[in-house]
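# Structural description and commentary
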Amino acid sequence: MTPFHLAFPVRDLNETRAFYGEILGCSIGRSSDTWVDFDLYGHQMSAHLRPDAATAQRDGAVDGFAVPIPHFGAVLLMDEWEKLAARLVARDDIDWLERPMVRFKGQPGEQATLFIRDPSGNALEFKGFRSLEQIFAH
């Protein structure tokens with residue numbers, strides 16, 4: 001599988017570096033005065049300075065839960081997702097939208113999920129699957 005690239009707005013590059021680098025553990029790539037690249041599980045995420053960035057609204061619905069639209073994140077194998085979830089739960093500075101839980105329990109596509117916001121209000125979802133073949137199961 002090849003990595004994707006996502007450019008997203010942020011209000012402050014220093015707080016963004018701290019969140020993605022220190023909290024999520026992303027390697028920091030190239031940067032300038034107006035953007036910074038992160039390696040999010042092998043994907044290129046480019047944070048671009050936009051002080052008036054909007055906060056995602058909880059206006060979507062999945063499995064009976066309101067979810068923010070838009071949102072982005074990563075699909076992980078369950079052991080990696082569990083490590084990330086434990087690291088985030090142990091912190092007291094996470095802006096939780098949805099704490100770690102399992103969706104579609106016992107159904108095709110069963111997945112662990114969690115939603116958080118970055119300091120700019122961008123919503124991130126991290127999903128965990130026991131097998132990557134389950135991502136598109138129906």
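We now turn to the structure provided with this report.

How each quantity is defined
Residues numbered from 1 in each chain as written. Predicted model: local features only at pLDDT ≥ 70, side-chain atom pairs only at ≥ 80, totals over all residues. Heavy atoms only, no water. Helix = DSSP H or I, 4+ residues; strand = E, 2+ residues; numbered from the N terminus. Buried < 20%, exposed > 50% of the residue type's maximum accessible area, 1.4 Å probe, protein only. Areas by Shrake-Rupley, 256 points an atom, 1.4 Å probe, with all protein chains shown as cover. Contact = heavy atoms within 4.5 Å. Pairing = 2+ DSSP bridges. Axes fitted to C-alpha atoms, helices over the stretch in contact; angles between N-to-C directions.

### Some details on the overall build of the protein chain
Along its length, the protein chain carries 2 helices and 10 strands. Secondary structure elements of the protein chain, listed N to C terminal, follow the sequence β-α-β-β-β-β-β-β-α-β-β-β. The C-alpha extent of the protein chain, read off along each of the three principal axes, is 45 × 30 × 30 Å. Residues classed as buried in the protein chain amount to 41% of the 138 residues present. Surface accessibility of the protein chain: about 7700 Å² in total, with carbon and sulfur atoms responsible for 52%.

### Examining the side chain of T113
Mapped onto the secondary structure, T113 falls in strand β9 (residues 111–117). Classification of T113 by relative accessible area gives buried; the value is 0%. With residues near it in sequence (within four places) discarded, T113 still touches W81, E98, R99, P100, M101, R103, E125, F126 and K127.

### Looking at the sheet that holds strand β2 (residues 27–31)
One open sheet accounts for 4 strands, arranged β1-β4-β3-β2; its pairing is mixed. A single partner strand is all that each edge strand has here, and the edge strands are β1 (5–10) and β2. Shown here is a sheet whose adjacent strand axes are inclined to one another by a mean of 30°, direction ignored. Taken together, the 6 bridges between β1 and strand β4 (residues 43–49) define a ladder with parallel strand orientation. Considered in β4, the bridge of H5 is made with Q44. Across the sheet, helix α1 (residues 13–23) touches β1, β2, β3 (35–40) and β4, and the angle it forms with β3 is around 5°.

### Topic: unusual backbone geometry
Between I69 and the following residue, P70, the backbone shows a cis peptide bond with an omega angle of 0°. Tracing the sequence through the fold places P70 in the loop between β6 (65–69) and β7 (71–77). The backbone phi angle of F104 is positive, close to 55°, even though this residue is not glycine. Mapping F104 onto the fold places it in the loop between β8 (95–103) and β9.

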